[in-house]
Amino acid sequence: MSLKSGNAHRAPSRLRSPYAIGGLGVAVTAAVLATLVPATASTTDPDPAPASSVPHPERDWMGSTIAHHERTDPNALPRSTRAASVEGVDVSDHQGSVDWAALWDDNVRFAYVKATESTTYKNPSFASQYNGSFEQGMIRGAYHFALPDRSGGTRQADFFVANGGDWSDDGKTLPPVLDLEYNPYGATCYGLTASQIVNWIGDFTARVKERTGRQPVIYTTTGWWKTCTGNSSAFAERNPLWLARYAATPGPLPAGWKTHTLWQYTSSGPLVGDHNRFNGSLAGLRELASG
């Protein structure tokens, strides 16, 4: 971050002694240093410049990059029965107008809606999808598609919370979600080291917790997590896991997590494509919403 002092330089008066001038210099230096304290408080979220527009955010939805990087079985059916879990969906502007009544009739009881991406994109269908699922009786929540190379985690968290990612203590709002997956615009890990990715996630999750009172759920695949975070276990104790794996079972989990909270098991389910299971009962889902 570029730091500039707003103090104008002024020629010293001939009546001042060298000691007075020296004292003035010390005072000015101290004033400048004082302005640096807030700027250096965070070393992991420098936010050097505004993010550029995202080329195709309408094609970036939860899991949109997975099939290109991991082996999937889109026709596999989860081995667990619906009696042991709760069915849900996730949607974005890609789905447009959603038939929530038909999904309800198919036993779908919760929905997550894409709200934002980076700091420049807001889903134009967010309000209709978010409110539509709620009006149908579903428990709903919002997610953010992360682009860690575009801006810092704190800035993206602020953008997300301000544009749909906030949480309401109404018993029908699920915690915010951070969508972390393969970069749709370049290098798999966004050109960042594992340490930088972990720091970015830390900044994002801390800011969401500060702004909403809830720790966000982390959506990812075990493959991406191992590759891009070095299989960090830093978030397993506080952030619920939403695992993406298009297969009959969730499979291995990222380091630290003993179980998954949500599982995106297919991208080719009925009506909207992306279908998920909550790992528990409907009462457990309501408890998750209640915080």
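### Notes on the confidence of the model for the chain
Taken as a whole, the chain shows an average pLDDT of 83; of its residues, 77% reach a score of 70 or greater. A low-confidence stretch, residues 1–43 (pLDDT under 50), is modelled with twelve contacts involving residues beyond four sequence positions or located in other chains.

### Some points on the nonpolar core
Within the largest apolar cluster, 41 residues are counted, with the highest numbers of intra-cluster contacts made by Val 89, Trp 100, Leu 103, Leu 180, Ile 201, Trp 224 and Trp 225. Residue contributions to this core peak at six residues, all from helix H5 (residues 194–212).

### With respect to the pairing of strand E9 (residues 273–278)
Judged by how many residues are buried, E9 sits mostly within the fold: six of six residues are covered. When strand E1 (residues 86–91) meets E9, the two strands line up antiparallel, connected through four bridges. Across the sheet, Glu 87 pairs through a bridge with Arg 277, a residue of E9. In this sheet, E9 lies alongside strand E8 (residues 262–269) in antiparallel orientation, the contact comprising five bridges. Pairing of Thr 266 across the sheet is with His 275, part of E9. Linking E8 to E9, which pair antiparallel, is a turn of three residues; within it Leu 271 sits at a positive phi near 75°.

### A word on the state of the cysteines
Taken as a whole and assessed by the stated rule, the structure comprises one disulfide. Disulfide pairing places Cys 189 opposite Cys 228 at an S-S distance of 2.0 Å. Measuring the twist about the S-S bond at about -80°, one finds the Cys 189-Cys 228 disulfide to be left-handed. Here the residue Cys 189 occupies a position in the loop between strand E5 (177–179) and H5, and Cys 228 occupies one in helix H6 (residues 222–229), the gap between them amounting to 39 residues. The buried category is assigned to Cys 189, whose relative accessible area is 14%. The class for Cys 228 is buried, based on a relative accessible area of 1%.

### Regarding the pattern of salt bridges
Within the structure shown, the criterion is met by six salt bridges. Among the ionic pairs, Asp 158 bridges to Arg 207, the shortest N-O distance being 2.8 Å. Of this pair, Asp 158 sits in helix H4 (residues 153–165) while Arg 207 sits in helix H5; the two residues are 49 residues apart in sequence, bridging distant segments of the chain. Classification of Arg 207 as partly exposed rests on a relative accessible area of 24%. The partner of Arg 207 in a salt bridge is Glu 210, and the shortest N-O contact between them spans 3.5 Å. Here Arg 207 pairs with Glu 210, and both are found in helix H5, just three residues apart, close to one helical turn. Here the salt bridges do not stand alone but share partners, grouping Asp 158, Arg 207, Glu 210 and Arg 211 into one network.

### Here's the deal with the packing of aromatic side chains
On inspection of all chains with the given rule, the structure shows nine aromatic pairs. When the centroid spacing of 6.2 Å and the interplanar angle of 20° are considered together, the rings of Phe 160 and Phe 204 count as stacked. On the criterion of sequence distance, the pair formed by Phe 160 in helix H4 and Phe 204 in helix H5 is long-range, its members being 44 residues apart. As far as the burial class goes, Phe 160 and Phe 204 line up, both buried. One aromatic cluster in this structure is built from Trp 224, Trp 225, Phe 235 and Trp 257. In this structure, Arg 150 packs its charged tip against the face of Tyr 185, placed 5.6 Å from the ring centre. Here Lys 172 stacks its cationic end above the ring of Phe 134, 5.2 Å away from the centre of that ring.

The rules we used
Residues numbered from 1 in each chain as written. Predicted model: local features only at pLDDT ≥ 70, side-chain atom pairs only at ≥ 80, totals over all residues. Heavy atoms only, no water. pLDDT = per-residue confidence, 0-100. Contact = heavy atoms within 4.5 Å. Core = buried A, V, L, I, M, F, W, Y, C linked by side-chain atoms within 4.5 Å. Buried < 20%, exposed > 50% of the residue type's maximum accessible area, 1.4 Å probe, protein only. Helix = DSSP H or I, 4+ residues; strand = E, 2+ residues; numbered from the N terminus. Pairing = 2+ DSSP bridges. Disulfide = S-S within 2.5 Å. Salt bridge = Lys/Arg side-chain N within 4 Å of Asp/Glu carboxyl O. Phe/Tyr/Trp six-rings, centres within 6.5 Å; stacked < 30°, edge-to-face > 60°. Lys NZ or Arg CZ within 6 Å of the ring centre and 35° of its normal.

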